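Listed below, chain by chain, are the residues.
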Amino acid sequence: KKLDEIRKIESKCRHLDSFSDDPLENIYILHAFGHAMYDPDNDDEDNCLSRAILYLERAKLICNTNQDERFQAVFLQFRRYVEIHLSLCYSSDDHDMEKAISSFRWLVENCERGYVQSEHGKLSMLSSNFSKFKQYGYAIEVSEKLCVLRAEGVETCTVINQISYVFQLMQAYIGYGELLKAKSTIEKFLFLMPNNDMTPHFEGCVEFGLCNYGTAIHHFSNISSEAYNEDPELPLKLGRALLRRSTDNEAESFEIFQTGLDRWVEPSIERDEILLCMGTEYRKLKKW
């Protein structure tokens, strides 16, 4: 509700070059508008992101250029808010990953541990954005900081938050090729998620990457049928593991692929992924 109200005010004031003669107040308003306009679920996402970035960059400029020593501590605090939102905006849909990384690097260099503890939700979104666009090294750097919050006694970090952060870290480790670290992370945090389908999923991905195909098949086979029905990538991973273990599993593998096609009948990204996988595996088998 508050964000909606701010957006209404923004729509009436966006033509103004400045909103106050007081630099602190101006930064506050610019940050509020930028924060409110950042809405990844908005139908007009590109336009909203562009306006959010415009406001946030203007606020950042004031922080950087105002030399009044009386306000430096306040400017630093505001800039932290501005940089985290800039990093989210720039990393959203790969808008400008170099600038997203630049804002993130500033945060790492200028924020105490308490900032990570208080803003762990936003940092989790940033880690997810980094992984989504294969910036796994930065995703790891964020997620490693998040995974220890429960141990540090951060009350706002719930068990559900912790599980989410662990999954983000494992995804980043696997994407970055740090398979042994991913395996160690699973073993360390297994007590949090003994019956979660994502656990055998990540375990299977790790063993597949380590070429332990029999073990990977075992883990992928332990994922519930409900999860297989919802995620088209899961049967593809099981099918590929079967083929890597032995080409004698060809019939079983392609039966799994075909089950996916039968489930995703209409044209879709999911169906295209299954067809691409089948074509790739047929080529490897020299089935032209």
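As shown above, the structure is provided for reference.
A brief report on the enclosed structure follows.

Rules used in this analysis
Residue positions within a chain follow its written sequence, with the count starting from 1. In keeping with the model being predicted, local features are shown solely for residues with a pLDDT of at least 70 and side-chain atom pairs are shown and tallied solely at 80 or more, while totals for entire chains, interfaces and linings include all residues. Hydrogens and waters are ignored; side-chain quantities use all the structure's heavy atoms. By the criteria applied, helices consist of DSSP H or I runs no shorter than four residues and strands consist of E runs no shorter than two, each listed in order from the N terminus. The contact rule is simple, with two residues in contact once any of their heavy atoms fall within 4.5 Å. To define axes, lines are fitted to C-alpha atoms, for helices over the stretch in contact only, and angles between the resulting N-to-C directions are given on a 0 to 180 degree scale. Put simply, angles under 35 degrees are roughly parallel, angles over 145 are roughly antiparallel, angles from 65 to 115 are roughly perpendicular, and the rest are oblique. Helix crossings fall into two classes, left-handed where the near helix is turned counterclockwise from the far one by less than a right angle and right-handed where it is turned clockwise. Amino acids are sorted into nonpolar (Ala, Val, Leu, Ile, Met, Phe, Trp, Tyr, Cys and Pro), charged (Asp, Glu, Lys and Arg) and polar (every other residue, Gly among them). A pair of Phe, Tyr and Trp rings is counted when the ring centres sit within 6.5 Å of each other, with Trp represented by its six-membered ring. The angle between the planes then sorts it: under 30 degrees is stacked, over 60 is edge-to-face, the rest tilted. When a residue's accessible area, from a 1.4 Å probe over protein chains only, is under 20% of the maximum for its type it is buried; when over 50% it is exposed; and in between it is partly exposed.

One non-glycine residue with positive phi stands out, namely C211, at about 65°. As for its position among the elements, C211 is in the loop between α11 (198–209) and α12 (213–221). Its identity as a non-glycine residue notwithstanding, K286 has a phi of 60°, on the positive side. Following the sequence through the fold, K286 ends up in the segment after α16 (269–284).

So, about the environment of K145. Residue position: K145 is located in helix α8 (residues 136–146). With near-sequence residues (within four places) excluded, K145 lies in contact with R113 and V116.

A few words on the packing of α11 against α12. Taken N-terminus to C-terminus, the directions of α11 and α12 make an angle of 165°; their axes are 8 Å apart at the nearest point. Considering their axes alone, α11 and α12 lie roughly antiparallel with respect to each other. The handedness of the crossing between α11 and α12 is left-handed. On α12, the residues touching P200, H201, E203, G204, C205, E207 and F208 of α11 are Y213, T215, A216, H219 and F220. Of the residues belonging to the contact of α11 with α12, the class tally is six nonpolar, four polar and two charged.

Counted according to the given criterion, the structure contains ten aromatic pairs. Between F130 and Y138, the aromatic rings sit 5.7 Å apart at their centres with planes inclined by 40°, giving tilted as the arrangement. On the accessibility criterion, F130 (0% relative accessible area) is buried. For the ring pair F254 and F257, a centre distance of 5.2 Å and an interplane angle of 90° mean the geometry is edge-to-face. Here F254 and its partner F257 are both found in helix α15 (residues 250–263), three residues apart, which amounts to about one turn of the helix.

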